[in-house]
Amino acid sequence: MDLKKINSPSYVIEEKLLENNLKLIKKIIDKAEVDIILAFKGFAMWKMFPLMKEYINSATSSSLNEARLAFEEMGSYAHTYSPAYKEDEFDEIMNYSSHITFNSLSQYSLFHKKIINNDRKISIGLRVNHEFSEVETDLYNPCALGSRLGITSDQLQELPEDVEGLHFHSLCESSSYDLEKTLVHFEAKFGKFISKLKWVNFGGGHLITRKDYDVDHLIKVLKAFKSRYPNVKVILEPGSAFAWETGVLVSSVVDIVHNHGVYTAIMDVSFAAHMPDCLEMPYFPRIRDAKHAESSGIGYRIGGNSCLAGDYMGIWEFEAPLKVGDKLIFEDMIHYTMVKTSMFNGLSHPSIGVIRKDGSYECFREFDYMDYKNRLS
């Protein structure tokens, strides 16, 4: 399938690439005897869930809406964690959850009796903060000093009797070696409780499907932990790993402007609205058949089509001069893109589609004026 024949702008996932990731994840599940579940905060393209359900059996949610999506489209109860639950939503959250994890002891105190008195069994967990992380960007570091996320060891002197699991999350696109170091700190802080638990959730940030990820080492680390705590179920909940390098964002050049020697190609997409991690993280995305450099060739800054002055990235070099109407393919734009998009400035939201394994293209969704209007009132 020629991606440049697809209407612009569009998010396009490739079914074959997603399945390759799922096969690798299932291999780890089977060899390490752990649960790996999908984190909707990274990937929630529910039209692909029928394929995903062939390899995994559950998902993790961060809100009522995500828990309901897991129940309705994954066909399973969610492992639910939120920094704080609202009282008027909690009963409904219980309807869709198999596990509910609390971020603080005050939230646990407020809600745990509701769970105990619920007709259906729900496992209670606490999120803990072991105060160690290899993540260098503070925006993505849950263990930064003063973090609002998780209970520190000095706050958790005793484990409440109805708590069955502990949850930590301190990784971000990290390696198995980062996890190995993290477990040292987790066990040092909370090891006295682990043998009393039914499960431990290692959170997300495990970039299992990245080409340089040491899968064999991960399996070794997981097996070693399980040998120390044989009666404890281990759960991982990556988001990026499922959809890593499975698809693209197809875009078009709308205009080319020149200012003091800088040529900017203005696209029909926006970094702020459609690729926010590029500005938040920040990182330079990859553009197919282009080189991110400034030393030679014909260079263009790539600009988004919003009024935000900083809605641009650059500079890229192309083999031939760009012209209006040219299509650019932004690589690896499926995870942490659609889940974060906005319609800032009323910009058209990219369509969503899939290239099937037989090479055919199916457009799942197109967005129009009413999608924009109905979000606002």
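As a starting point, this report considers the structure included with it. (Residues numbered from 1 in each chain as written. Predicted model: local features only at pLDDT ≥ 70, side-chain atom pairs only at ≥ 80, totals over all residues. Heavy atoms only, no water.)

## Points about the nonpolar core
Part 1 of the reasoning: Counting residues in hydrophobic clusters, the biggest one holds 97 residues, and the most contacted among them are Phe102, Phe186, Phe202, Leu222 and Ile302.
Part 2 of the reasoning: Leu3, Val12, Val250 and Ile355 belong to the second-largest nonpolar core, a separate cluster that totals seven residues. (Core = buried A, V, L, I, M, F, W, Y, C linked by side-chain atoms within 4.5 Å. Buried < 20%, exposed > 50% of the residue type's maximum accessible area, 1.4 Å probe, protein only.)

## Digging into the packing of helix α6 (residues 176-194) against helix α7 (residues 215-228)
Part 1 of the reasoning: Running from N to C, α6 and α7 cross one another at 10°; their axes reach a closest spacing of 10 Å. Classified by the interaxial angle, the pair formed by α6 and α7 is roughly parallel. Only His217, Leu218, Val221, Leu222, Phe225 and Arg228 of α7 make contact with α6, whose side of the interface consists of Ser176, Tyr177, Leu179, Glu180, Leu183, Phe186, Glu187 and Ile194.
Part 2 of the reasoning: Residue composition of the contact of α6 with α7, by class: nine nonpolar, two polar and three charged. (Axes fitted to C-alpha atoms, helices over the stretch in contact; angles between N-to-C directions. Helix = DSSP H or I, 4+ residues; strand = E, 2+ residues; numbered from the N terminus. Parallel < 35°, antiparallel > 145°, perpendicular 65-115°, else oblique. Contact = heavy atoms within 4.5 Å. Nonpolar A, V, L, I, M, F, W, Y, C, P; charged D, E, K, R; others polar.)

## A closer look at the packing of helix α4 (residues 87-95) against helix α5 (residues 105-116)
Part 1 of the reasoning: Following both chains from N to C, one finds α4 and α5 inclined at 35°, their axes separated by 11 Å at the closest point. Both α4 and α5 take part in a crossing whose hand is right-handed. Between α4 and α5, the residues in contact are Glu87, Phe90, Asp91 and Met94 and Leu110, Phe111, Lys114 and Ile115, respectively. (Left-handed = near helix turned anticlockwise from the far one by under 90°.)

## Considering the pairing of strand β18 (residues 351-355)
Part 1 of the reasoning: Within β18, five of the five residues are buried, which leaves it mostly tucked inside the rest of the structure.
Part 2 of the reasoning: The pairing of strand β1 (residues 10-14) with β18 spans five bridges and is parallel. Bridge pairing in β18 places Val12 opposite Gly353.
Part 3 of the reasoning: The pairing of β18 with strand β19 (residues 361-365) spans four bridges and is classified as antiparallel. Its bridge partner lying in β19, Gly353 is registered against Cys363.
Part 4 of the reasoning: The turn joining β18 and β19, which pair antiparallel and follow one another in sequence, is formed by five residues; a positive phi near 95° is taken by Gly359. (Pairing = 2+ DSSP bridges.)

## Comments concerning the pattern of salt bridges
Part 1 of the reasoning: The tally for this structure, following the rule as stated, stands at 20 salt bridges.
Part 2 of the reasoning: Note that Arg356 and Glu15 form a salt bridge whose closest N and O atoms lie 3.1 Å from each other. Of the two residues, Arg356 is situated in the loop between β18 and β19 and Glu15 in helix α1 (residues 15-32); the sequence distance between them amounts to 341 residues.
Part 3 of the reasoning: Since its relative accessible area comes to 24%, Arg356 is described here as partly exposed.
Part 4 of the reasoning: Taken together, the salt bridges that share partners define one network made up of Glu15, Arg356 and Glu362. (Salt bridge = Lys/Arg side-chain N within 4 Å of Asp/Glu carboxyl O.)

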